[in-house]
Structure formats: C-alpha cells, structure tokens
Amino acid sequence: MAAAKKRRQCVVCIVPHLPPRQLSPNARLHWAKLRAAKAEAKDELVALLIEQGCVQDPLWERAHLKLTFVAADKRRRDLDNLIAACKPWIDGLVGASGVIVDDAYDRLSIEASYRIGENEQTILEVTHVP
C-alpha cells in the first residue's frame, strides 16, 4: 500500500527585488507600457513559482498571502503602493501554473510588512486555509 502524499500547507516564493516602479499607482505610464510591464511581472512570478517548486496540485481553494518587502536601503516607501504594484504577482498565483484557484476577497486574505535587510527582495508566503 502506497503511503499517502502529505500536502504542503505553505509555499514561499522569493522575488529577488521589490515590485517594479512602473507598476506603482503613481507611475502614470502609457496604457500600452503599463500592460507590457504587468505581463512581464506576471510571467516573472509564474517562472519563479515553477523554478522554486511552489506550484500546487490541486490548487488551493482558500489561502492567506503574506507579502514581506525587504529593502536594502532606508529610503521611505509607501506600503500601499508596494501592495498595489504586486497585483500582477498576485494574479500569477492564480491558475494552473500557480497556487490558488482565485484571488477574490472571499478566497484570499492579504497582509503586508516592510523591513530593511541586506538584499532587496519580496517574499510571497502563501498559506493554505482549510
């Protein structure tokens, strides 16, 4: 009799930088450039999810996302703009090459924090909510 495969309850994906500046709500890009930047960011996250072994099968119905922004300098940044700039990454968590079924309000809760560290990065920690 084969042993039952234990499902993970949490996946962590590390993006080696903060969200792109052009995705900030304050960026005011031409719609075509913004669309291209969003597609590039989403594709980047999907590639990282696959590379880091974070893709779930089956996808989680409900989850909690903890975003941790790590800056390498002490420059002040608005947390709300960083969260908004993560939208393409959050969209990348959804679907066949992701972790969750849907990012609607009743399926995904989100929290965010910011700290200073040695290397700039964004950590997406997704926890399954039964």
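To keep things clear, this report deals only with the structure shown in the data block. (Residues numbered from 1 in each chain as written. Predicted model: local features only at pLDDT ≥ 70, side-chain atom pairs only at ≥ 80, totals over all residues. Heavy atoms only, no water.)

### A closer look at the sheet that holds strand S1 (residues 10-15)
In space, the four strands of this open sheet follow the order S1-S4-S2-S3, with mixed pairing throughout. Whereas interior strands pair on both sides, the edge strands pair on one side only; in this sheet they are S1 and strand S3 (108-116). The mean angle between the axes of side-by-side strands here comes to 15°, regardless of whether they run parallel or antiparallel. The pairing of S1 with strand S4 (residues 121-128) spans six bridges and is classified as antiparallel. By the bridge assignment for S4, Ile14 is matched with Ile123. Sitting on the sheet, helix H1 (residues 31-51) touches S1 and S4, and the angle it makes with S1 is about 125°. (Pairing = 2+ DSSP bridges. Helix = DSSP H or I, 4+ residues; strand = E, 2+ residues; numbered from the N terminus. Axes fitted to C-alpha atoms, helices over the stretch in contact; angles between N-to-C directions. Contact = heavy atoms within 4.5 Å.)

### Notes on the pattern of salt bridges
Taken as a whole and judged by the stated rule, the model has four salt bridges. Arg77 is paired through a salt bridge with Asp73; the nearest N and O atoms lie 2.9 Å apart. The class for Arg77 is buried, based on a relative accessible area of 18%. Taking the shortest distance from any N to any O, the salt bridge between Asp91 and Lys87 comes out at 3.0 Å. Taken as a pair, Asp91 and Lys87 lie in helix H3 (residues 87-92) at a separation of four residues, close to a single helical turn. Among the charged side chains, a network of salt bridges with common partners joins Asp73, Arg77 and Glu120. (Salt bridge = Lys/Arg side-chain N within 4 Å of Asp/Glu carboxyl O. Buried < 20%, exposed > 50% of the residue type's maximum accessible area, 1.4 Å probe, protein only.)

### Structural notes on H1
For H1, spanning 21 residues, the distance from its first C-alpha to its last is 30 Å, which sits close to the expected 30 Å at 1.5 Å a residue. Taken together, the buried positions of H1 are Ala37, Ala41, Leu45, Val46, Leu48 and Leu49. Along the axis of H1, the buried residues cluster in a sector spanning 170°; they form a single face. Turned more than 90 degrees away from the buried face of H1 sit Lys33, Arg35, Glu40, Asp43, Ile50 and Glu51, all of them exposed. (Expected span 1.5 Å × (residues − 1). Arc of directions from axis to C-beta.)

### Brief notes about the pairing of strand S2 (residues 63-71)
Most of S2 is tucked away: seven of the nine residues are buried. Sheet topology note: the S2/S3 ladder contains nine bridges and is parallel. Bridge pairing in S3 links Thr68 to Ser113. Both S2 and S4 contribute to a ladder of eight bridges, which runs antiparallel. Each residue of the ladder has a partner; that of Val70, found in S4, is Gln121.

### Thoughts on the side chain of Thr122
Following the sequence through the fold, Thr122 ends up in strand S4. In this structure Thr122 comes out as buried when scored by relative accessible area, which is 0%. Polar side-chain contacts of Thr122 include one of 2.8 Å to the backbone oxygen of His17. Beyond its immediate stretch of four places on either side in the chain, Thr122 contacts Cys13, Ile14, Val15, His17, Leu18, Pro19, Thr68, Phe69 and Trp89. (Polar contact = N/O pair within 3.5 Å; in protein donor to acceptor, adjacent residues only side chain to side chain.)

### Here's the deal with the side chain of Gln56
By the element assignment, Gln56 lies in the loop between H1 and S2. Excluding residues within four positions of it along the chain, Gln56 makes contact with Arg8, Val11, Gly98 and Val99.

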